[in-house]
Amino acid sequence: MRNFTIYLALLLCLFASKMMGQEKFEDKAKAIADKIEAVTKQEKATLKTEVDAVNKELEAGTITDKQADDKKLQLAEMRAKNIETKVNEYETELRDLVQQKVDGKLKDDGSKTFTFHWSSKNDSIRRHKGEPRTTSQFVFAFGANNLATDGKIAGSDYRYAGSHFYEWGTTWNTRIMKNDNLLHAKYGISVMYNNLRPTDNRYFVDNGSETSLETSPINLKDSRFRNVYIVVPLHLEFDFSGSKTIDGKKAFKSHEGFRLGVGGYAGLNVKSKQILRYNDDGYKTKSVTKGNFNVNDFIYGVSAYVGYGETSLYVKYDLNPLFKNNAVDQNNISLGVRFDLL
């Protein structure tokens with residue numbers, strides 16, 4: 001809930017910046033998202049190089065199949081740990097950024113406090129000359145999260161109100177046709193958090209190849225299971241903002257009318273953890289367990305949004321199950337509100 005509050009504060013700050021023509025705060029948040037993307041790409045590239053080296057050792061006969069598998073597993077765990085550690089650092093950087101914004105301590109050029117004006121250069125261009133063919137947005141989304149069993153969430157094992165998701169990132173929006181504003185390609189990079197809260201005093205237990213829900217021997221105040229992903233979303237967007245004639249020329253603007261987006265996403269799981277809260281002999285206790293819990297390393301799914309202006313209703317559904325080898329497949333599904341902030 002603490003992280004959710006942080007990102008909600010980020011959203012409110014972005015709204016304030018938007019209303020007063022300020023883009024500096026958004027630029028800093030986007031820079032953090034870019035760092036997360038760069039870290040993920042770098043670690044994946046390094047892992048590929050290391051695995052290739054192990055394969056060469058195996059082909060040369062200097063190591064056995066089992067030794068090769070053990071080496072690859074150790075390398076994958078090390079790279080995943082590096083990603084988790086660095087992403088945590090950037091989450092801390094983001095929290096500090098939000099706190100500085102709230103405290104009014106952000107500086108523009110190192111000496112002057114940020115000031116806000118309606119008539120910034122970008123706003124002036126957008127009002128008087130229309131938009132360039134490709135624009136960027138800061139995306140923030142949050143809402144309800146759950147698991148679908150056989151395509152149904154009725155009678156779910158997880159709390160409807162307590163289970164939630166949130167997502168933030170950067171997207172680029174490119175008008176496909178040079179002289180028509182209807183079709184746009186929407187693509188970017190996002191950090192996605194999916195949270196589940198089991199019902200009936202239960203928690204997740206790793207039983208080797210499978211992960212199951214079991215009743216806790218102690219009375220739990222809270223049981224939460226969180227998965228964090230770095231994903232690349234891609235949507236075909238229908239934007240009915242239309243066009244305007246400015247100085248005798250047709251000018252296009254986006255995110256000013258009815259919008260519909262359909263597409264999907266794919267990405268990498270960077271963290272899975274379970275958080276349990278309970279009383280132990282009168283002491284409030286919090287237990288955090290990190291591991292893979294047999295969660296799929298990769299995620300891919302379909303998503304869509306529909307709305308007006310910068311605000312949309314948003315739904316996403318994972319096409320692969322949450323857990324790798326469970327007897328019954330359960331797929332993550334989310335429904336919420338999405339903001340595409342110019």
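In this report, the structure presented in the accompanying data block is examined. Numbering of residues begins from 1 in every chain and follows the order in which that chain's sequence is written. Local features in a predicted model are, by the rule used here, given only for residues with pLDDT of at least 70; side-chain atom pairs are given and counted only at 80 or more, and totals for whole chains, interfaces and linings are based on all residues. Side-chain measures were taken over the full set of non-hydrogen atoms in the model, leaving aside hydrogen atoms and water.

Looking at a nonpolar patch on the surface
Patch building starts from residues that exceed 30% relative accessible area and form no salt bridge, then joins like charges within 9 Å and nonpolar side chains (Val, Leu, Ile, Met, Phe, Trp, Tyr) within 5 Å. Areas reported here follow the Shrake-Rupley algorithm with a probe of radius 1.4 Å; residue values treat only the protein chains shown as occluding. Salt bridges are identified by distance alone: a Lys or Arg side-chain nitrogen within 4 Å of an Asp or Glu carboxyl oxygen. Taken together, the side chains of Ile176, Met177, Leu182, Leu236, Phe240, Phe258, Leu260, Val262, Val306, Tyr308 and Leu313 present a nonpolar region at the surface, about 960 Å² in accessible area. A helix here means a DSSP run of H or I that spans at least four residues, while a strand means a run of E at least two residues long, and both kinds are numbered starting from the N terminus. Listed by contribution, the elements that provide at least two residues to the nonpolar patch are strand E9 (258–280) and strand E11 (298–308). The dominant element in the nonpolar patch, judged by the number of residues it contributes, is E9, at three residues. Mapped onto the secondary structure, Met177 falls in the loop between strand E2 (164–175) and strand E3 (183–196).

Things to note about the environment of Thr211
Residue position: Thr211 is located in strand E5 (residues 211–215). For the pair Thr211 and Phe323, spaced 112 residues apart in the sequence, the C-alpha separation amounts to 7.2 Å. Apart from the residues lying within four places of it in its own chain, the contact partners of Thr211 are Phe204, Val205, Asp206, Phe293, Asn294, Phe323 and Asn326. Two N or O atoms count as a polar contact when they lie within 3.5 Å, although within protein this holds only if one can serve as hydrogen donor and the other as acceptor, and sequence-adjacent residues are included solely when both atoms are side-chain atoms. Within the local environment of Thr211, its side chain forms a polar contact with the side chain of Asn294, the two groups lying 3.0 Å apart. The contact criterion used throughout is that any non-hydrogen atoms of two residues lie within 4.5 Å.

Examining the pairing of strand E6 (residues 220–239)
Three labels apply to residues, based on accessible area from a 1.4 Å probe with only protein chains included: buried if under 20% of the type maximum, exposed if over 50%, partly exposed otherwise in between. The buried fraction of E6 is high, at 15 of 20 residues. The pairing of E3 with E6 spans twelve bridges and is antiparallel. Paired with Leu183 across the bridge in E6 is Phe238. As paired elements, E6 and E9 share 19 bridges and run antiparallel to each other. Each residue of the ladder has a partner; that of Asn227, found in E9, is Ser272. The pairing criterion for strands is at least two bridges between them, as found by DSSP.

Regarding unusual backbone geometry
The backbone phi angle of His255 is positive, close to 60 degrees, even though this residue is not glycine. Looking at the element boundaries, His255 is found in the loop between strand E8 (249–252) and E9. In this structure, Asp281 takes a positive phi of about 55 degrees despite not being glycine. Looking at the secondary structure, you find Asp281 in the loop between E9 and strand E10 (283–290).

So, the layout of surface pockets
A pocket here means an open set of points on a 1 Å grid, computed over the protein atoms alone, that has protein on both sides within 12 Å along at least five of seven lines. A cavity is instead a set of points where a 1.4 Å probe fits but cannot get out; residues with an atom within 4 Å of a point line either one. Grid points are joined across faces, edges and corners, and a volume is the space filled by probe spheres set on the points. For the largest pocket, the calculated volume is near 710 Å³. Every element with two or more residues in the lining of the largest pocket is listed here: helix H2 (24–60), helix H3 (65–103) and E9. The element that contributes the greatest number of residues to the lining of the largest pocket is H3, accounting for eight residues. Residue classes follow a fixed rule: Ala, Val, Leu, Ile, Met, Phe, Trp, Tyr, Cys and Pro count as nonpolar, while Asp, Glu, Lys and Arg count as charged, and any other residue, Gly among them, counts as polar. Its residues assigned to classes, the lining of the largest pocket comprises nine nonpolar, four polar and ten charged.

Digging into the side chain of Asn269
Of note, Asn269 is situated in strand E9. Overall, Asn269 belongs to the buried group, its relative accessible area being 16%. A polar contact of 3.1 Å, which involves the side chain of Asn269, links it to the backbone nitrogen of Lys271. Polar contacts involving the side chain of Asn269 include one to the side chain of Ser272, which spans 3.3 Å. Other than its neighbours up to four places away in sequence, Asn269 contacts Asn227, Val228, Tyr229, Val295, Asn296 and Asp297.

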